[in-house]
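# Understanding the architecture of this molecule
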Amino acid sequence: MIRVTNLTKVFHGETDVTALGGIDLDVSAGDIYGIIGMSGAGKSTLLRCIALLERPTEGRIEVEGIDISTLQGKELTRLRKSIGVIFQGYNLLMQRNVLGNVCFPLELDGMKKADREKRAMELLEIVGLQDKAKAYPSQLSGGQKQRVAIARALANNPKILLCDEPTSALDSFTTKSILKLLQDINQKMGVTIIIITHEIGVVNAICDKVAIINYGTFVEQGEVSTVMTHPVSQVTRTLLGMKESEE
Ligand code: ADP
């Protein structure tokens, strides 16, 4: 579904910052793929490159075999629609109510008002917020705001959902319910999910595969069950909270 080859991203400034130093990643259709690392490791930059929000300095990102850097015009628009993104800060439109937020991408797509409202209500039902359609983001809890963001990200029937620290601002109970929702979306709608996080609990809760990122490179990647039981790198052991003596 997604193949990343030798992805490099250098931010140029007074001093250059190599945020990604040659990333290789293979995500299969139906995966929930976790990318975990400490703050500043390059997680957001990687996600932003896959989401076409950041241009790689070097390397290749293919989605279903197509190099996304070669796309233009309608093909690029189609690809953008096939990738939904959610963020830690929800990024909702505060002046629009919940229905208006979920309708927004459909409006941009030129869908008629009655059709987009019908579709938005279906999406709100999926995320369990049909009774909040008229509420404004300021009237919602963090978990509810993230549910609105998820409904909006699903509006165009994406094949891929990219999640940037989706539960970092939430308490543990709400985190569980949001992760369960993402798991349901993956299983029932067949959406491939990449989730970036600094919390090992998120990976253990819903991911099938995981990559551990440190200073812009993957130090380890594979099935969650294998990586968690037989971590090979010190960074993974630190994330797992293991001490040297427990090796
Ligand atoms: P993470 O999401 O793991 O916290 P980021 O991808 O945000 O890490 O950042 C990786 C590195 O790239 C950090 O050193 C950060 O300071 C740097 N960085 C990220 N975005 C920019 C930018 N727009 N300009 C310059 N440096 C950046």
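Residues numbered from 1 in each chain as written. Predicted model: local features only at pLDDT ≥ 70, side-chain atom pairs only at ≥ 80, totals over all residues. Heavy atoms only, no water.

## A word on the sheet that holds strand β6 (residues 83-87)
Pairing is mixed in the open sheet, where 6 strands are placed in the order β6-β7-β8-β3-β9-β10. Whereas interior strands pair on both sides, the edge strands pair on one side only; in this sheet they are β6 and β10 (217-223). On average, each strand axis in the sheet is inclined to that of its neighbour by 15 degrees, with strand direction left out of account. Note that strand β9 (residues 209-214) and β10 share 6 bridges and pair antiparallel. The residue bridging I212 from the neighbouring strand is E220, located in β10. (Pairing = 2+ DSSP bridges. Helix = DSSP H or I, 4+ residues; strand = E, 2+ residues; numbered from the N terminus. Axes fitted to C-alpha atoms, helices over the stretch in contact; angles between N-to-C directions.)

## Quick word on the domain arrangement of the protein
Its domain assignment divides the protein into domain 1 (1-82 + 158-247) and domain 2 (91-157). For domain 1 versus domain 2, the distance between C-alpha centres works out to 25 Å. Domain 1 puts 13 residues into the contact, and the matching count from domain 2 is 12 residues. In total, about 1100 Å² of surface goes out of reach between domain 1 and domain 2, with carbon and sulfur atoms giving 73% of it. It is K81, P158 and L181 that lose the most area in domain 1 upon contact with domain 2, and together they represent 43% of the buried surface on that side. The partner of D109 in a salt bridge is K81, with the nearest N and O atoms 2.8 Å apart. Inspection of the region where domain 1 meets domain 2 yields 3 residue pairs in polar contact (both at pLDDT 80 or more). In terms of residue count, helix α6 (residues 172-189) provides more of the side of domain 1 that touches domain 2 than any other element does, 7 residues in total. (Domains from an automatic or database assignment. Contact = heavy atoms within 4.5 Å. Buried area = accessible area lost by both parts, 1.4 Å probe. Salt bridge = Lys/Arg side-chain N within 4 Å of Asp/Glu carboxyl O. Polar contact = N/O pair within 3.5 Å; in protein donor to acceptor, adjacent residues only side chain to side chain.)

## Observations regarding the pairing of strand β7 (residues 160-164)
Along β7, 5 of the 5 residues are buried, which leaves the element largely enclosed by surrounding structure. Residues of β7 alternate between two faces, with I160, L162 and D164 on one and L161 and C163 on the opposite face, all of them buried. Direction of pairing for β6 relative to β7: parallel, over a ladder of 5 bridges. Looking across to β7, one finds that F87 is bridged to D164. (Buried < 20%, exposed > 50% of the residue type's maximum accessible area, 1.4 Å probe, protein only.)

## A closer look at the site of the ligand
Around the ligand sit F11, V17, A19, M38, S39, G40, A41, G42, K43, S44 and T45, and those are all the residues in its vicinity. A41 has a polar backbone atom sitting 3.1 Å from an oxygen atom of the ligand. Between the ligand and the protein, one listed contact pairs an oxygen atom with a side-chain N or O atom of T45 at 2.5 Å. In isolation the ligand has 560 Å² of accessible area, and contact with the protein removes 56% of it. Looking at the shell around the ligand, the elements with two or more residues in it are β2 (17-27) and α1 (43-50). For the shell around the ligand, the element with the most residues is α1, which contributes 3 residues. Tallied by class, residues from the shell around the ligand come to 5 nonpolar, 5 polar and 1 charged. (Near = heavy atom within 4 Å. Areas by Shrake-Rupley, 256 points an atom, 1.4 Å probe, with all protein chains shown as cover. Nonpolar A, V, L, I, M, F, W, Y, C, P; charged D, E, K, R; others polar.)

## Remarks on the nonpolar core
Core analysis: the biggest nonpolar cluster contains 47 residues, and I86, L124, I150, L161, L182, I193 and I195 have the highest contact counts within it. For this core, the two domains that each supply at least three residues are domain 1 (1-82 + 158-247) and domain 2 (91-157). Ignoring sequence-local partners within four residues, the contact set of I193 consists of D31, I32, Y33, L161, C163, L182 and N186. Within the second largest apolar cluster, 29 residues are counted, among which are L7, Y33, C49 and I83. (Core = buried A, V, L, I, M, F, W, Y, C linked by side-chain atoms within 4.5 Å.)

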